[in-house]
Amino acid sequence: MSAIQRYCAHCGAANAPENLMCFACQRPLDASGENEQETLLHGRYRLLSQVGAGGFGGVYRAIDTAEEPRFVAVKEITLRGLSAQEAIEATDSFNREVRLLSDLKHPNLPRIRDTFADSEHWYLVMDFIEGETLDAYLKQKVRGKLPLREAIEIGLQLCTVLNYLHTRPQAIIFRDLKPGNVMRTGNGHIFLIDFGIARHFTPGKPKDTIPFGSPGYAAPEQYGRIQTTTQADIYSLGALLHQMLTGYDPAESPFHFAPLPDANSTELANLDSLIQRMVATEPGERPDITEIQTMLQRLAAQERSQRMEQINRLNMLNTPPPQQPLPQVPVARPGITRRKVLTTALSIGGVIVGVGGIAGIGTVCAFLGTHPGVHGVAAMVPPSPGTAQNHLIYRGHTGAITVLRWSPDGTMVASGSADKTVQVWRAADGALLYTYLGYDAPITSIDWATATNEKNRIASSGMSDGTVQVWNALQDHTYLSFHSSGRVLALSWQYGSPWIASGGTNHEIIVWNAVTGEKCLTYAGHKGEVRAVQWMAVQDTTPGNGDIVSGGADGTVQVWSATTGKLVSLHTGHTAGVNALALLAYEQSQVNAPPVAIVSASDDKTVRVWRAEGEGMSVIYRGHNAKVNALAALPFVTYYGLRAASASDDQTVQVWSVEGFHLLTYAEHHSPVKAVAASPIDNRVVSGDANGLVHLWTIDRTGYQ
């Protein structure tokens, strides 16, 4: 029994017995609990309501009061009143689910938090998934079916988690994939639930001991003909895809699947053929999970492309003709290189000189006029700045995305989140490769090593005690834990060297060795927390030498020597804290290229461009209408010169030139965009939002050299 307290059914906060309103969320408290002691299950879990029922018990929404109050799901197996055989089956089901899930870690699977029992019950405590079953979701739709795009997105998530289960050291077969065992959250994230009849595949076993499965979704072999393999889950996935696209319940006519209606396009005809192969009676005739995933990804890309074409056509119809002809763009005099022009542009206060060029032909665009995104005199924008095309959405996280980093070879992405995990996944298809756990707070920073002998090493921070971990993304090995006196909010790993610069809440930046843990230097030039740190490339490639640029809550951008700790240049002008930094280089596509400009993003809703050498500001980009959280320097110099991408709470990522011209807006996010990163090898971009989604998208090559 707990002390006399009243727990809020909405947020879980413990209130005094006399409270009528919750002190935390200000919602009314349930009067029925007044002056009564709350009985806590297992001394910590307060049951709120039943959310599900099964053959041997129920599932309850509960509050775990032992730690900070959190919602959990308590699955109860009741042994009272069962026959001996039923009790054995219920116990086996419970133990099987515990045994299987305890060893699994995947963003589309719930986590086990606790197990316990009494004389008449077994209890399993898991993450509470705020959402509804896919079965309930389908019943809300017209004729019980989903749009093609949504069905494909759900199918892709199920492919990811089934592939994870099937590729365990001992393959796991789920055996009961159906709408009732799929949970969907409000933002479309999918969880596979109820491992009660899942089992490990046993090579050499002739057939399953007991036939299990749900009629319509279970493969024929699950009824005792042969041992079920991973192909049984392929059958169930095919049946589920067919139901989402047609609205027909496969239980009404098991083993019979009519062709998809309106499959008159090549894409739908291919999808129909794929589904018919997935539900083939013979397991050997079914495709593998990789083929299914590839087909669905191709269809998703085609659907997005068609949607973008429709949007572009509508935009063209709604765009009024120009009121007057654009001024003619003059051609630069021979002998003026683009490097010289850019250097001139960054050194002129108030007058901006644009840089362009195709195949080495330099152009200088300058005329008197104003532009809302530029401080001072604006440059002429060439036509057709390109468009953004979405490729995939990574849904592995359950909390807001806080940081994104590409691997140096552009094949992988490391994403950090408020869910306290760093996940490394393949950029080509979104397949999860590794999850780094153990943090007690949201992830704040990530960076990859670039030295050849440190391949796949990552440094990341997310501990409240200021610890930075150095670990291998693919080998499950932690090399080093470095401790700081304050929580680390930003870090940068110097190119080709073991030196890392990290800063945070203690207002200091420490330069330290990622191999030995040795501290080299401490810089304390900021008057507030340090939010962004970047090593600047130098001609002297001696490890640890060079300058570092940093930004913080004091609104300043500071360049200082990593060798002496002395301030080199100070940039002021932001009216609020600096959240992110990026370095723009003329040879942007080359690694470790010396920068010519520093870009800083701020809570003041602006992004500013500063000279990399000396002090002075050239451009203020004002395209956002909310605070700017993250920046990325885009590789390759284009017709529009150097470009940056900025992510904002206004739910957009905007791409603009160093002259401050807006080039395009990526507006597919539906919540504040908290992180952005550009591939170091091509034109792909990843951006992450407060809903925990990472979008991988491409800027087309219009204007590329």
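J.: Would you mind going over the sheet that holds strand 30 (residues 557–561) with me for this structure?
T.: Within a sheet, neighbouring strands are paired by backbone hydrogen bonds and run either parallel or antiparallel to one another. The four strands are arranged 28-29-30-31 in an open sheet whose pairing can be described as antiparallel. Both edges of this open sheet fall to strand 28 (530–535) and strand 31 (567–571), since each of them pairs with a single strand only. Geometrically, the sheet is characterised by an average inter-axis angle of 20° between neighbouring strands, direction not taken into account. Sheet topology places strand 29 (residues 547–552) next to strand 30; five bridges connect them, and they run antiparallel. Paired with aspartate 547 across the two strands is serine 561, which belongs to strand 30.

J.: Looking at this model, I keep getting lost on the packing of aromatic side chains. Mind explaining?
T.: Geometrically, a pair of aromatic rings is defined through the distance of the ring centres and the angle of the planes. Per the stated rule, a full pass over the model turns up 15 aromatic pairs. Consider the rings of tyrosine 45 and phenylalanine 116, whose centres lie 5.9 Å apart with planes at 5°: the pair is stacked. Of this pair, tyrosine 45 sits in strand 3 (residues 45–53) while phenylalanine 116 sits in strand 6 (residues 112–117), and the two are 71 residues apart along the sequence. With respect to burial, tyrosine 45 and phenylalanine 116 carry one shared label: buried. Three or more aromatic residues joined by ring pairs form one cluster here, namely Tyr223, Tyr235, Phe255 and Phe257.

J.: I would appreciate a short explanation of the sheet that holds strand 38 (residues 653–657) in the present structure.
T.: In spatial order, the strands read 36-37-38-39; together these four strands make up an open sheet with antiparallel pairing. Edge strands, defined here as strands with exactly one partner in the open sheet, are strand 36 (628–633) and strand 39 (662–666). Geometrically, the sheet is characterised by an average inter-axis angle of 20° between neighbouring strands, direction not taken into account. Where strand 37 (residues 643–648) lies against strand 38, five bridges are found, and the strand directions are antiparallel. The residue of strand 38 that forms the bridge with arginine 643 is serine 657.

J.: For this particular structure, what's the right way to read the environment of asparagine 472?
T.: Relative to the assigned elements, asparagine 472 resides in strand 22 (residues 467–472). Owing to a relative accessible area of 3%, asparagine 472 belongs among the buried residues under this scheme. Taking the C-alpha atoms as reference, asparagine 472 lies 5.6 Å from asparagine 456; in sequence the two are 16 residues apart. Apart from the residues lying within four places of it in its own chain, the contact partners of asparagine 472 are Tyr434, Lys455, Asn456, Arg457, His477 and Tyr479.

J.: Can you help me understand the environment of asparagine 108 in this one?
T.: Relative to the helices and strands, asparagine 108 is located in the loop between helix 1 (84–102) and strand 6. On the accessibility criterion, asparagine 108 (5% relative accessible area) is buried. For the pair asparagine 108 and glycine 396, spaced 288 residues apart in sequence, the C-alpha to C-alpha distance is 6.9 Å. Sequence-distant contacts of asparagine 108, that is, excluding residues within four places in its chain, are made with Gln157, Thr160, Val161, His189, Ile190, Phe191 and Leu192.

J.: What am I meant to see in helix 3 (residues 148–166) here?
T.: Along an α-helix, a turn takes 3.6 residues, which lines up residues three or four apart on a common side. For helix 3, built from 19 residues, the straight-helix expectation of 27 Å at 1.5 Å per residue is met to within 8% by its first-to-last C-alpha distance of 26 Å. Counted residue by residue, helix 3 has 15 buried out of 19 residues, so it is predominantly covered.

J.: Got a minute to help me understand the packing of helix 4 (residues 230–246) against helix 5 (residues 266–278) in this structure?
T.: Geometry of a packed helix pair, given as the angle between the helix axes and the separation of the axes. One can describe the packing of helix 4 onto helix 5 by two numbers: an axis separation of 8 Å at closest approach and a directional angle of 140°. When the axes of helix 4 and helix 5 are compared, the pair comes out oblique. The way helix 4 lies across helix 5 gives a crossing that is left-handed. On the side of helix 4, the interface is formed by Ile234, Tyr235, Leu237, Gly238, Leu241, His242 and Leu245, while helix 5 contributes Leu271, Ile275 and Met278.

J.: Can you help me understand the nonpolar core in this one?
T.: Generally speaking, soluble globular proteins have nonpolar side chains that are buried together. Ranked by internal contacts, the top residues of the largest apolar core, which has 49 residues, are Leu158, Leu165, Leu177, Leu192, Phe195, Leu237 and Met244. Contributions of two or more residues to this core are made by helix 1, strand 7 (121–127), helix 2 (134–139), helix 3, strand 11 (190–192), helix 4, helix 5 and helix 6 (289–318). Of all the elements, helix 3 adds the most residues to this core, at 10 residues.

J.: Explain unusual backbone geometry here, please?
T.: With the exception of glycine, most residues fall at negative phi, and the peptide bonds are largely trans. Look at aspartate 194: it is not a glycine, yet its phi comes out positive at around 70°. Turning to its location among the elements, aspartate 194 is positioned in the loop between strand 11 and strand 12 (199–200). Although it is not a glycine, histidine 507 adopts a positive phi angle of roughly 70°. Mapped onto the elements, histidine 507 comes out in the loop between strand 25 (499–504) and strand 26 (509–513).

J.: Mind showing me how you'd approach the packing of helix 3 against helix 4 here?
T.: Across the interface, helix 3 lies against helix 4 with an axial gap of 10 Å and an inter-helix angle of 170°. Relative to helix 4, the element helix 3 is oriented roughly antiparallel. Two secondary-structure elements touch here, helix 3 through Leu148, Ala151, Ile154, Gly155, Leu158, Cys159, Leu162 and His166 and helix 4 through Thr230, Asp233, Leu237, Leu240, Leu241, Met244 and Leu245. Classifying every residue of the contact of helix 3 with helix 4 by side-chain character gives 11 nonpolar, three polar and one charged.

J.: Mind showing me how you'd approach the pairing of strand 23 (residues 477–483) here?
T.: Regular strands show a simple pattern: their side chains alternate between the two faces of the sheet. Sheet topology note: the strand 22/strand 23 ladder contains six bridges and is antiparallel. When the bridges of strand 23 are listed, threonine 467 appears paired with histidine 483. The turn joining strand 22 and strand 23, which pair antiparallel and follow one another in sequence, is formed by four residues; a positive phi near 55° is taken by aspartate 476.

J.: I would appreciate a short explanation of the pattern of salt bridges in the present structure.
T.: Oppositely charged side chains may form a pair once their charged atoms are brought near each other. Under the criterion given, the structure shown has 14 salt bridges. One salt bridge connects arginine 44 with aspartate 64, and the closest N-O pair in it is separated by 2.8 Å. Placement of the pair is arginine 44 in the loop between strand 2 (14–15) and strand 3 and aspartate 64 in strand 4 (residues 57–64), with a sequence separation of 20 residues. The class for aspartate 64 is buried, based on a relative accessible area of 3%. Put simply, aspartate 429 and arginine 426 hold a salt bridge, and the shortest N to O gap is 2.6 Å. Through salt bridges with shared partners, one network takes in Arg111, Arg113 and Asp127.

J.: What is the right way to read the pairing of strand 7 from this model?
T.: The element strand 7 is extensively covered by neighbouring structure, given that six of its seven residues are classed as buried. Two strands pair when backbone bridges link them, and strand 5 (residues 70–78) and strand 7 are joined in this way by seven bridges, in the antiparallel orientation. Bridging across to strand 7, valine 72 finds its partner in aspartate 127. Pairing geometry for strand 6 and strand 7, over five bridges, is antiparallel. Across the sheet, the residue bridging to alanine 117 is tryptophan 122, located in strand 7. Following strand 6, the chain reverses through three residues before pairing antiparallel with strand 7.

About the thresholds
Residues numbered from 1 in each chain as written. Predicted model: local features only at pLDDT ≥ 70, side-chain atom pairs only at ≥ 80, totals over all residues. Heavy atoms only, no water. Pairing = 2+ DSSP bridges. Helix = DSSP H or I, 4+ residues; strand = E, 2+ residues; numbered from the N terminus. Axes fitted to C-alpha atoms, helices over the stretch in contact; angles between N-to-C directions. Phe/Tyr/Trp six-rings, centres within 6.5 Å; stacked < 30°, edge-to-face > 60°. Buried < 20%, exposed > 50% of the residue type's maximum accessible area, 1.4 Å probe, protein only. Contact = heavy atoms within 4.5 Å. Expected span 1.5 Å × (residues − 1). Parallel < 35°, antiparallel > 145°, perpendicular 65-115°, else oblique. Left-handed = near helix turned anticlockwise from the far one by under 90°. Core = buried A, V, L, I, M, F, W, Y, C linked by side-chain atoms within 4.5 Å. Nonpolar A, V, L, I, M, F, W, Y, C, P; charged D, E, K, R; others polar. Salt bridge = Lys/Arg side-chain N within 4 Å of Asp/Glu carboxyl O.

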